[in-house]
2 protein chains.
Amino acid sequence: MDQVDRILAQWRTERPDLDVGPMGTLGRMSRLFRHLREELDKVYLEYGLSQASFDVLATLRRAGEPYALSPSMLIEWTMVTSGTMTNRVDRLEAAGLVERRRNPDDRRGFLVGLTEQGRVLIDEAVTAHVANQHRLTAALTAEERQAFDVLVAKWLSAFEENEG
Amino acid sequence: MDQVDRILAQWRTERPDLDVGPMGTLGRMSRLFRHLREELDKVYLEYGLSQASFDVLATLRRAGEPYALSPSMLIEWTMVTSGTMTNRVDRLEAAGLVERRRNPDDRRGFLVGLTEQGRVLIDEAVTAHVANQHRLTAALTAEERQAFDVLVAKWLSAFEENEG
DNA sequence: CTCCTTTATCTTGATATCAAGATAAATACT
DNA sequence: AGTATTTATCTTGATATCAAGATAAAGGAG
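Here the structure is a predicted model, which means the values were calculated and not measured.

What about the protein's contact with DNA strand C?
Phase 1 of the analysis: As a matter of local geometry, DNA strand C sits amid 20 residues, with A:Ser72, A:Ser82, A:Phe110, B:Thr84 and B:Arg88 nearest to it.
Phase 2 of the analysis: Here, DNA strand C places atoms within 4 Å of the protein, and 78% of those atoms are sugar or phosphate.
Phase 3 of the analysis: Within the contact set of DNA strand C, a phosphate oxygen lies 3.1 Å away from a side-chain nitrogen or oxygen of A:Thr86.
Phase 4 of the analysis: Within the side chain of A:Arg100, one N or O atom sits 3.0 Å away from a phosphate oxygen of DNA strand C.
Phase 5 of the analysis: Put simply, the parts of the chain that give the surface near DNA strand C at least two residues each are α4 (71-78) and α5 (82-94) of chain A together with α5 (82-94) of chain B.
Phase 6 of the analysis: If you tally residues by element for the surface near DNA strand C, the top one is α5(B), at four residues.
Phase 7 of the analysis: Of the residues belonging to the surface near DNA strand C, the class tally is four nonpolar, nine polar and seven charged.

Details of the nonpolar core
Phase 1 of the analysis: In terms of nonpolar packing, the biggest core is built from 90 residues, with A:Leu57, A:Phe148, B:Leu57 and B:Phe148 touching the most fellow members.
Phase 2 of the analysis: Excluding its chain neighbours within four sequence positions, the residues that come into contact with A:Leu57 are A:Leu49, A:Leu92, A:Leu97, A:Val98, A:Leu114, A:Leu121 and A:Ile122.

Thoughts on the interface of chain A and chain B
Phase 1 of the analysis: Each partner contributes to the interface: chain A provides 64 residues, whereas chain B provides 64 residues.
Phase 2 of the analysis: Surface buried jointly by chain A and chain B totals about 6900 Å² across both partners, of which 68% is contributed by carbon and sulfur atoms.
Phase 3 of the analysis: For the interface between chain A and chain B, the tally reads eight salt bridges.
Phase 4 of the analysis: The interface formed by chain A and chain B contains 24 residue pairs in polar contact (both at pLDDT 80 or more).
Phase 5 of the analysis: Listing elements by their share of the side of chain A that touches chain B, those giving two or more residues are α1 (3-14), α2 (21-46), α3 (51-62), α6 (116-137) and α7 (142-160) of chain A.
Phase 6 of the analysis: Per element, the largest residue contribution to the side of chain A that touches chain B is 16 residues, and it comes from α2(A).
Phase 7 of the analysis: Considered class by class, the residues forming the side of chain A that touches chain B number 30 nonpolar, 14 polar and 20 charged.

Let's talk about the UniProt feature "domain: HTH marR-type" (unreviewed entry) in chain A
Phase 1 of the analysis: When the UniProt feature table is mapped onto this chain numbering, "domain: HTH marR-type" (unreviewed entry) sits at residues 22-157 of chain A.
Phase 2 of the analysis: Taken end to end, residues 22-157 of chain A is 71% helix and 9% strand, and its first and last C-alpha atoms sit 18 Å apart.

Looking at the pairing of strand β3 (residues 110-114) of chain B
Residue and element names in this part refer to chain B.
Phase 1 of the analysis: With four of its five residues buried, β3 lies for the most part within the structure.
Phase 2 of the analysis: Taken together, the two bridges between strand β1 (residues 68-69) and β3 define a ladder with antiparallel strand orientation. Residue pairing across strands places alanine 68 opposite glycine 113, the latter belonging to β3.
Phase 3 of the analysis: In terms of strand pairing, strand β2 (residues 98-102) meets β3 through five bridges, oriented antiparallel. Of the residues in β3, the one forming a bridge with arginine 100 is valine 112.

Re the domain arrangement of chain A
Phase 1 of the analysis: Assigned domains of chain A: these are domain 1 (1-33) and domain 2 (48-161).
Phase 2 of the analysis: Centre-to-centre, using C-alpha coordinates, domain 1 of chain A lies 34 Å away from domain 2 of chain A.

Topic: unusual backbone geometry
Phase 1 of the analysis: Note that the residue after A:Glu65, namely A:Pro66, is joined by a cis bond; omega there is 0 degrees.
Phase 2 of the analysis: With respect to the helices, strands and loops of the structure, A:Pro66 is situated in the loop between α3 and β1 (68-69).

Here we look at the environment of A:Tyr44
Phase 1 of the analysis: You can see A:Tyr44 is positioned in helix α2.
Phase 2 of the analysis: A:Tyr44 sits 81 residues away from A:Ala125 along the chain, and the two C-alpha atoms are 7.1 Å apart.

Scoring rules and cut-offs
- Residues numbered from 1 in each chain as written.
- Chains lettered and ligands numbered in written order.
- Predicted model: local features only at pLDDT ≥ 70, side-chain atom pairs only at ≥ 80, totals over all residues.
- Heavy atoms only, no water.
- Near = heavy atom within 4 Å.
- Polar contact = N/O pair within 3.5 Å; in protein donor to acceptor, adjacent residues only side chain to side chain.
- Helix = DSSP H or I, 4+ residues; strand = E, 2+ residues; numbered from the N terminus.
- Nonpolar A, V, L, I, M, F, W, Y, C, P; charged D, E, K, R; others polar.
- Core = buried A, V, L, I, M, F, W, Y, C linked by side-chain atoms within 4.5 Å.
- Buried < 20%, exposed > 50% of the residue type's maximum accessible area, 1.4 Å probe, protein only.
- Contact = heavy atoms within 4.5 Å.
- Buried area = accessible area lost by both parts, 1.4 Å probe.
- Salt bridge = Lys/Arg side-chain N within 4 Å of Asp/Glu carboxyl O.
- UniProt positions renumbered as here; feature names shortened; annotations may be inferred.
- Pairing = 2+ DSSP bridges.
- Domains from an automatic or database assignment.

As structure tokens, then:
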């Protein structure tokens, strides 16, 4: 009997006409997701980062040398709006973790590149982040996690099937 | 090969020292969750609501007659801060969906109650919301969804085991 | 070459959230 | 009763986000 069960029990009393099975699935998933995000945030914070800034730095890092992408590419990978990305890059630039490099061939845009300080930081932070992800997924056995992956991938494909 | 696979492939090239298996699990889950939230928002919007306002109204509705709770109870159920709840109640009150009722026994606080308009609206919205949840979970068979529920409940219990 | 459209990014204004502090009333302690 | 503590809620200030519009440069049509 967790919090979600209590919510479902209330609905069954108040609105017995509704079949709230899916609400249990989505509700528990939502709570789990919330806990996971909180735990991930703790590690980001150890490196002075947030989910938002970590995402930008990690996207640049895993793009490979020279660790630089246009704002448009960053927007595409991180799925935020242009206004949000401007703000994120501004903050990271002020912190000395990225720099805007003018593109001589197209003066509309430029590249956002990791500084040496930014590269060192994100490499350390990613190592800790991955270790944290291992810790957080350890509640399931390897077999359970694999079964979970299959189900999530199937479900996800209902939304992204045409994008592969 | 979805977007998450591409991200993992990048990491395996750039940081072959990292075991990014859990990142796949969490990454796909995160994307799935994002899609689900977007789809849920669409139905909230049909009733002029957001996730935030729906949550408050639904919490009051499922509490049963007389559909009224203190801000403290609402904060507990919805897991937001007091400042956030003040803001939410302000909006809902301005929209005529809830009203603040003074508690004669404790003048520090009061009760937030559904207006008749609020009760009618949330009853309609919940019906549509539950139908939407059925639609969104239909990507999995009943057996798959049940297996998924078991795994999520187990994982969730790692975070909430002492709260049941 | 000039004008129009598209692309790339930034700016503005509105909203939601949180943390921390303020306010006010109830309760407990002496 | 009088003071201190706790509880309940609101206020303030900072941050992040988005949608829509502004700005500037590139590319295409004639």
